Amino acid sequence: MKFVILGGGPAGVQAATHGARLGAEVTLIERDIVGGAANLWDCVPSKAMIATGSVLSLAGRAVTMGLKPIDARLDLEALRNRVSQITQRLADSQKALLQSQGVMLLEGTASLKSANEVLVTRNDGTSYAVGADAILVATGSRPRIPSWVNPDGVRILTTRDAYPPNEIPKHLVVIGSGVTGVEFVHMFRSFGSRVSLIVSRQQVLPNKDPEVAAALEDDFIRSGVTLYKGARAVGIEADENGVAVVCDDKRVISGSHVLLAIGSIPNTDALGLEAAGVLLDERGYIVVNHHCVSNLAHIYAAGDISGKLPLASVASMQGRKVAEHVMGISSRSHRHLDYEKAASAIFTEPEIADVGLAEVEAFALGRKIRVTKVPFAANARALIDGDSRGFIKIISDPYTGVVLGGSIVGQNASELISVLALAVTVNLKVTDIVESLLVHPALAESLADAAD
Ligand SMILES: Cc1cc2nc3c(=O)[nH]c(=O)nc-3n(C[C@H](O)[C@H](O)[C@H](O)COP(=O)(O)OP(=O)(O)OC[C@H]3O[C@@H](n4cnc5c(N)ncnc54)[C@H](O)[C@@H]3O)c2cc1C
């Protein structure tokens, strides 16, 4: 089985290593860096910068932990090196993993020459074709830039200009209050920037549980972030002194820099997809079924370009499932990908994480649920760590006790949610969590309390 993969992000890398283990002859074509945008532009550098900001915040709280004040300050050049070292190390280790599994790694820009041939164009412009029995398109996405703005990477930034920018903004205006926007608000706030956030609706994180969003809004307001609600940016003026963001309700929000966090668009242009007969939807995503198969039986799409859930974790799992389908084992005893059960996290302070059914969704569906909630304020470990903000909320079936979902706001929420993700995936009951013998003192004890 000649399995050719376009794009070496989480979807492509996982499909390649798993496919090779299952016996496919795998070729992976990447134009930039192994690990993909996830490694170079998105998940990794953003979280590396947030981790630095967390240390700064911790240093600011030193006196509350029985220490003399600590004078920690940002070193922009050291931060830049730290981010690129992490990215490079991850790329190297993933490259080594691919090579150890016998994956043929080709550098270049890939496109479909026909439905069974992939064209690889090297940097010098020369090209050659590779034959394929199965093809996975996993070329990811890039930031959406509306027609009314032209990012210059200096004053008008996309997320890709921010790792870190040339200077830490004195006053950053963030456009977009989804997951990416709020993470950048938190990041630059922790670096000492004044931050204003333009929120197009009446709630940050419009798709999240209102109680969770309210906890984050409270924290933003407490830390001095200005929220402009119900405002949609429609224009930006910039000069050497700063920026002015014009909103549809005529408000003008001035700052030193502006950052766009208003979604992404799929990298499906210039891939020769239409010519090869692959169907795209009206937004440019590849149309796929629940096995990530396109309208052509041997061409698959996984990751952001599949238009499902734009998460690295989902992209990896899709890649894994594609490899199994390519090798003909998808009908055996393996689980189908259920996007409803994907855990996700927002790396703010406090962190936010959720999985499965949300309380608001259950009400909208008219479904009876049991909701239990405990604050971290009663947790010994949270008090010991000096951060008892937030809560754990568990949604379960009132008749069977099966865990249907949950939300966590608080330190380490992105780790703690794994327990609820496992529970939701394998249909554990609340009593399974309550009766687990957990560590004391640990934040996880609040999971058992919330499940009780
Ligand atoms: C700021 C930000 C932070 C994020 N943080 C998180 C997070 O914390 N956790 C999380 O789960 N998700 C996060 N995401 C989402 C996550 O980054 C994406 O869902 C994930 O990267 C998608 O993986 P992918 O495999 O589809 O593609 P990508 O990671 O986009 O990789 C695609 C690869 O294909 C290559 N490519 C493109 N075109 C071609 C071509 N023609 N030929 C050869 N190669 C090509 C690209 O160079 C790239 O390496 C974040 C997104 C953003 C914007």
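Computed from a predicted model, the values in this text were never measured in an experiment.

Overview of the overall build of the protein chain
Okay, step 1: Counting its secondary structure elements, the protein chain contains 13 helices and 23 strands.
Okay, step 2: Relative to the globule expectation of 22 Å for 452 residues, the C-alpha radius of gyration of the protein chain, 23 Å, shows essentially globular dimensions.
Okay, step 3: By its C-alpha atoms, the protein chain is 65 × 60 × 45 Å across when sized along the principal axes.
Okay, step 4: Across the protein chain, every contact between residues at least 6 apart in sequence was considered, and the portion connecting residues at least 24 apart equals 62%.

As for the domain arrangement of the protein chain
Okay, step 1: Each assigned domain of the protein chain is listed with its residue range as follows: domain 1 (2–142 + 265–331), domain 2 (156–262) and domain 3 (350–451).
Okay, step 2: The C-alpha-based centres of domain 2 and domain 3 are spaced at 30 Å.
Okay, step 3: Residue-level contacts link 6 residues of domain 2 with 9 residues of domain 3.
Okay, step 4: Of the residues in the side of domain 2 that touches domain 3, the class split is 4 nonpolar, no polar and 2 charged.

Considering the pairing of strand β12 (residues 226–229)
Okay, step 1: Of the strand pairs in this sheet, strand β11 (residues 194–199) and β12 are connected by 4 bridges, and their pairing is parallel. Bridging from a neighbouring strand, I198 pairs with Y228 of β12.
Okay, step 2: Taken together, β11, helix α6 (residues 210–222) and β12 constitute a β-α-β crossover, and its handedness is right-handed.

Regarding the sheet that holds strand β15 (residues 252–255)
Okay, step 1: Taken together, the 3 strands give an open sheet; going across it, the order is β13-β14-β15, and neighbouring strands pair in antiparallel fashion. For this open sheet the edge positions go to β13 (233–239) and β15, each flanked by a neighbour on one side alone. If you compare each strand with its neighbour and ignore which way they point, the axes differ by 20 degrees on average.
Okay, step 2: Note that β13 and strand β14 (residues 242–247) share 6 bridges and pair antiparallel. In the sheet register, A233 faces β14, and the bridge partner there is C247.

Criteria and thresholds
- Throughout this description, residue numbers start from 1 for each chain and increase along the sequence as written.
- Two thresholds apply to this predicted model, a pLDDT of at least 70 for residue-level local features and 80 or more for giving and counting side-chain atom pairs, whereas whole-chain, interface and lining totals are computed over all residues.
- Secondary structure counts use DSSP, requiring at least four H or I residues in a row for a helix and at least two E residues in a row for a strand, with both numbered from the N terminus.
- Radius of gyration means the value over C-alpha atoms here, while the globule rule gives 2.2 Å times the residue count to the 0.38 power.
- Throughout, a residue-residue contact means that the two C-beta atoms, derived from backbone geometry, are no farther apart than 7 Å.
- Domain delimitation in this document rests on an assignment produced automatically or drawn from a domain database.
- Residues are grouped as follows: Ala, Val, Leu, Ile, Met, Phe, Trp, Tyr, Cys and Pro are nonpolar; Asp, Glu, Lys and Arg are charged; every other residue, Gly included, is polar.
- Paired strands, as defined in this entry, are two strands with at least two bridges between them according to DSSP.
- Classification remark: right-handed applies to a crossover when, strands pointing away from the viewer, the course from the first strand over the helix to the second runs clockwise.
- Note on geometry: axes are lines fitted to C-alpha atoms, helical ones only across the stretch in contact, with angles between N-to-C directions running from 0 to 180 degrees.

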